[in-house]
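What the coordinates show
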Amino acid sequence: MISWIEGETLDIWVQGTRVGIVLVSNRVGFEIQVLPRQMNNINLKSKISLWIQPIKRDDNDILIGFKYKEERDLFRQLISVTGIGSQVGVALLQEYQVDELTKAIIDSDFKKLSKAVGVGKRTAERLSVELKKKLYLDSVKAKQYKEEEQEIPDIKQNTDTE
């Protein structure tokens, strides 16, 4: 399974609302769908790296690429919800940054969640019901980890010889 890839952009493609690139890595071209807002930072022949989520379908397999690991990780949680497919997950991450989307789900902000293409009130409710607790606990754990990291004092070796 591909998790992360780095290479040079060979081509940019558009298929309806989907946009993507062909990324050449080790002389192999990978067709990767990306968030439309990420296309502003991608140029032909530019070197980029992406966090990848493979999606298996009956008719074909696709790769979806994200600039940040946090985007890919949240995408994985989004598509774990019943009725949320890869394109709705992309639409949600296109509409909102990770922190903003996480907050909307935790706060049960159905109006905000429904602004993404393909997300109605029921889908927004399902997202909140299924992910609220998990996203909240994940954010608390992340905050605690950062606080603990800052509390670790510098340990200096005692160079005095007695």
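Above this note sits the structure.
Residues numbered from 1 in each chain as written. Predicted model: local features only at pLDDT ≥ 70, side-chain atom pairs only at ≥ 80, totals over all residues. Heavy atoms only, no water.

Things to note about unusual backbone geometry
Of note in the backbone geometry, asparagine 26 takes a positive phi value of approximately 55° without being a glycine. Of note, asparagine 26 is situated in the loop between strand 2 (18-25) and strand 3 (28-34). Despite not being glycine, arginine 27 shows a phi value in the positive range, around 65°. Here arginine 27 lies in the loop between strand 2 and strand 3. Look at arginine 27 and you get exposed, because its relative accessible area is 82%. (Helix = DSSP H or I, 4+ residues; strand = E, 2+ residues; numbered from the N terminus. Buried < 20%, exposed > 50% of the residue type's maximum accessible area, 1.4 Å probe, protein only.)

Regarding helix 3 (residues 98-106)
For helix 3, every residue scored as buried is listed here: Val98, Leu101, Thr102, Ala104, Ile105 and Ile106. Downstream of helix 3 by one or two residues, serine 108 has phi in the positive range, about 55°.

With respect to the side chain of arginine 72
Mapped onto the elements of the fold, arginine 72 is located in helix 1 (residues 69-79). When near neighbours in sequence (up to four residues on either side) are disregarded, arginine 72 contacts Ser3, Trp51, Ile52, Gln53 and Phe66. (Contact = heavy atoms within 4.5 Å.)

Observations regarding the sheet that holds strand 3
On the basis of which strands lie adjacent, the closed barrel formed by five strands has the order 1-2-3-5-4 and mixed pairing. With direction set aside, neighbouring strand axes in the sheet form an average angle of 50°. As paired strands, strand 3 and strand 5 (residues 61-66) are joined by three bridges and run parallel to one another. Considered in strand 5, the bridge of valine 34 is made with glycine 65. (Pairing = 2+ DSSP bridges. Axes fitted to C-alpha atoms, helices over the stretch in contact; angles between N-to-C directions.)

Topic: the pattern of salt bridges
Scanning all chains against the criterion turns up nine salt bridges. The closest approach of N and O atoms between lysine 56 and aspartate 61, which form a salt bridge, is 3.2 Å. Of the residues examined, lysine 56 reaches a relative accessible area of 71% and is grouped as exposed. A salt bridge links lysine 134 to aspartate 138, with the shortest nitrogen-to-oxygen separation between them at 3.4 Å. Of this pair, lysine 134 and aspartate 138 both sit in helix 5 (residues 121-151), four residues apart, roughly one helical turn. Linked by salt bridges that have partners in common, Lys69, Arg72 and Asp73 make up one network. (Salt bridge = Lys/Arg side-chain N within 4 Å of Asp/Glu carboxyl O.)

Purely geometric stuff here, so don't read any function into it on its own.
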